[in-house]
Amino acid sequence: MISFDYIFRGLAGSAIIGTGISYGDLYLFHIMIAIFLFFLLISFKQNSFKIKFEHNSIQYIYFFPLFFLWYSISLIWSPDLSFGLKYLFYIFCGSILSLSIIYFCSDYNNLYK
């Protein structure tokens, strides 16, 4: 089976490449997020739906659900709902990337791979 390390490296690499590999509004990064979330769901199922964060990184994850919730609520007063949903998707992609970096780089051994 494919290791999460390789999927994370692919996700981080596709974020660095940006729009270099894209087809219209579909970027390689979006495809890698879908693959990452698919394997993350499989991992959740295997681990009885529990995520194991290191104690020193647990304080960073509370910000992202609140951040996403606030911007979801802000859709109420958004002048254009389609743009609001588009930017909410961008915030979701950035949050997934940030949370994956926090999760996979919480250990010094993983940080220098």
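The paragraphs below set out a description of the structure included in this document.

## Notes on the overall build of the protein
Okay, so step 1: Each helix and strand in the protein was counted, giving five helices and two strands.
Okay, so step 2: Reading the helices (α) and strands (β) of the protein from amino to carboxyl end gives α-β-β-α-α-α-α.
Okay, so step 3: Looking at the protein as a whole, 25% of its 113 residues are labelled buried.
Okay, so step 4: A fraction of 65% describes how many contacts in the protein between residues 6 or more apart in sequence connect residues 24 or more apart.
Okay, so step 5: When the accessible area of the protein is evaluated, it comes to approximately 8,300 Å², of which 68% is carbon and sulfur surface.

## A closer look at the packing of helix α1 (residues 4–17) against helix α4 (residues 81–104)
Okay, so step 1: Across the interface, α1 lies against α4 with an axial gap of 11 Å and an inter-helix angle of 140°. When the axes of α1 and α4 are compared, the pair comes out oblique. The crossing of α1 and α4 is left-handed. In this structure, α1 uses Phe 4, Asp 5, Phe 8, Leu 11, Ala 12 and Ala 15 to contact α4, whose residues at the interface are Leu 97, Ser 100, Ile 101 and Phe 104.
Okay, so step 2: The residue inventory of the contact of α1 with α4, partitioned by class, reads eight nonpolar, one polar and one charged.

Parameters at a glance
- Residues numbered from 1 in each chain as written.
- Predicted model: local features only at pLDDT ≥ 70, side-chain atom pairs only at ≥ 80, totals over all residues.
- Heavy atoms only, no water.
- Helix = DSSP H or I, 4+ residues; strand = E, 2+ residues; numbered from the N terminus.
- Buried < 20%, exposed > 50% of the residue type's maximum accessible area, 1.4 Å probe, protein only.
- Contact = heavy atoms within 4.5 Å.
- Areas by Shrake-Rupley, 256 points an atom, 1.4 Å probe, with all protein chains shown as cover.
- Axes fitted to C-alpha atoms, helices over the stretch in contact; angles between N-to-C directions.
- Parallel < 35°, antiparallel > 145°, perpendicular 65-115°, else oblique.
- Left-handed = near helix turned anticlockwise from the far one by under 90°.
- Nonpolar A, V, L, I, M, F, W, Y, C, P; charged D, E, K, R; others polar.

Everything listed is a geometric property; what it means functionally is a separate question.
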